[in-house]
Amino acid sequence: MHKRHSSNSGLTLFILFFCTLFSLYYINDLYSGSVDVAHVYALIYRLNSDFFLNGQYDPSLGEMNFYPQGSHLIAVIAGKLLGSVYLGMQFTAFFSSILTWVLIFSILSFLPRNIFLLASFLVTIFSLFFSLVFPYPIHGDEIVSNFFYSQSIGFTLGYLCICFSLYLGVFNKVPMKTNSVFIFMSSYILEYFHLLPALLLLSVSLGLLSLDFLEQRKKTAIKVIFYFVAIMIGIILFYMNPAFQSMRQIADNDGAMNLGVAKYPAALIISCCTVLVMSLLMLKRYYNSGKLFSYLALKYISIYGVAAAALCLLQFFLLHYFSIGSNYAVKKYSLVIDTIFIIQLSILLAFNLKRIRLINSIFVNLNKKRLFGLNATIIIIAPVLILMALFHGQFVYEQSSKIVEYESDIQHLMKLNIHPGDNLIVKGTDKNTINYMLSIAILKTPREIAIPDVLLSNKINYTALENLVVIGDAKENDCTISHYGSASLLDAKCNIRLKNQCTQTFDLSGDELSLSNVLNSGFGAGEKDGRWSTENEAIFQCNNDVGKLNNLTINAMPFINNGLKKQRLKILVNGITKIDTSFDQSKIEQIVVPIDEFSASKKLTISFEMPDAKSPKELEINKNDGRKLGFFFTEINVK
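Now for a quick tour of the structure. (Residues numbered from 1 in each chain as written. Predicted model: local features only at pLDDT ≥ 70, side-chain atom pairs only at ≥ 80, totals over all residues. Heavy atoms only, no water.)

A word on empty space enclosed by the protein. In the structure shown here, the tally under the stated rule is three cavities of 30 Å³ or more. There is about 80 Å³ of room inside the largest cavity. Lining the largest cavity are Ile104, Ile107, Leu108, Tyr159, Ile162, Tyr300, Ile301, Tyr304, Ile340 and Ile343. Those elements that place two or more of their residues in the lining of the largest cavity are helix H4 (85-108), helix H6 (149-171), helix H12 (296-322) and helix H14 (334-353). For the second largest cavity, the calculated volume is near 60 Å³. If you trace the second largest cavity, you find it lined by Tyr136, Pro137, Leu259, Ala262, Lys263, Tyr264, Ala267, Leu268, Ser271, Ser334 and Asp338. Listed by contribution, the elements that provide at least two residues to the lining of the second largest cavity are helix H11 (266-288) and H14. (1 Å grid on protein atoms, 1.4 Å probe; cavity = no way out; pocket = protein on both sides within 12 Å on 5 of 7 lines; lining within 4 Å. Points joined across faces, edges and corners; volume = space filled by probe spheres on them. Helix = DSSP H or I, 4+ residues; strand = E, 2+ residues; numbered from the N terminus.)

What follows is the structure, given as structure tokens:
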């Protein structure tokens, strides 16, 4: 017994060390530009300062005021060790992903050795297939595209509880009733991390308790009452948990989720039904074995499969017929449904493959010492192969090294200023989610200001701001209050005057801060070399503080193709027509407009009227592009 515990402890420490190395290897890559990244980071950042929220509503956190904080506290601890809140979040997310798969293979290791090896091989092959050839969401996808951070942590802890419960049952012969109580207590605690894995764990607990009752030879009235009361107490306690009540406040939140090649909801419903059938087949095989301890994992995996499939179908039923919940909530089950589908299919195939004489003889000749090393290798290497395939080729939204630099510089910048101002926002990067994340987390910008002004990249309402933090390639100017590293604190009102000043060259490429207020309407998003007008009229405005004006120079290219031979353009300055012409060639044109007569005007309003503007959809070029394209503006210069 002592030798087994010693070897298990050594293996556990080695696995944790290996998971740490894996997490550090991937920590620099952020695979999601989802708003969830910002919301998760904001809560972690707030907990890093206070460790517990004070109970008062924080307008910068929104629904995260009510969100279970267990998983975020883990990131806080990791962040303190790594010296960055953001790195703590990233490390914990990747650590959770690799540890989830390590625990899945650890659960499989409780099966007979030939089944474990065969099933592990098949799980790896199927998972690689789902990642590389036939994309379906499996565990690990929680932090790709979307950012289901808490759900990922919750699943990891859920599998850890199942693995430990199996260990107690197989090696310590702990009774099933005791194990079901342990899993229920774990599910109650897990509610403080995420509701979905907690529900699954509760269902496993109740499933184990129900099967324990059905296995009783004598079912007396007292036993019936005992088991019924135990199940009802478990459900009531779970429901009354404050964490459950908090999650109910955000249960109807909806969002987008990529299910790969799967067609929602048909594919998910079919997967659920298939998992239910395979779960029953596995449960039958467990009882046919005479309830051997080496087959106990079949019982757990089958109950887990029934729980996942039944809860997913129940959520879909409640949404479809009673409008309770959201499609988002249903789709989140796909991660566990597809994973358990792979696991169960692999186990059932393994039982059939072992009947092949050649395959069976290979496992018979394996001695136990060699097998232990082989088991440990599989438990470590297989998850790495699966996740490396899953992360391979994924779009990297941003590098962690940049975000950590911004995080540190803004923190130091705030320390330089006793009162940096209220309702601050961050601008300067070309990633709206990063701007939004740093705004609501570090600057505590209220959501109602940050969402339209930063995340959606609308025009900034400077009147609502006192100051402004610019990061990236920010340079000191007349509006700079203080500066640290890549971050500058600017006077917002001064910034209006500076950025709206007429006498300068306006580069219309990208989403530079200088364009926030001069492009009044009719202009699209910035591209590499400029931006398109997207309506029949586009308006440019700037402030004239210098007095003397000479001319206005516009560099623009008309939208010309086979279906649109000519583009007319009328340019009005402060309502007076200055240019009325047309173009029939798709090339950059330089248009010079004399504006000296407007030197006394405090503001210039330049209107571009393009009556021939057409959308690619209208011209049958691109059915998804409804923008009315007139001219591609590259530069506007006022002298």
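Counted by the stated rule, this structure contains 36 aromatic pairs. Here Tyr167 and Phe171 contribute two aromatic rings whose centre-to-centre distance is 5.1 Å and whose plane-to-plane angle is 50 degrees, an arrangement assigned as tilted. Note that Tyr167 and Phe171 are positioned in helix H6 at a spacing of four residues, about one turn of the helix. With a relative accessible area of 14%, Tyr167 lands in the buried category. Using a relative accessible area of 32% as the deciding quantity, one classes Phe171 as partly exposed. A ring pair is formed by Phe317 and Phe322, whose centres lie 5.8 Å apart and whose planes are at 65 degrees; its orientation type is edge-to-face. Under the relative-accessibility criterion, Phe317 is labelled partly exposed at 39%. By the ring-pair criterion, three or more aromatic residues cluster together here, those being Phe22, Tyr25, Tyr26, Tyr31, Phe94 and Phe391. (Phe/Tyr/Trp six-rings, centres within 6.5 Å; stacked < 30°, edge-to-face > 60°. Buried < 20%, exposed > 50% of the residue type's maximum accessible area, 1.4 Å probe, protein only.)

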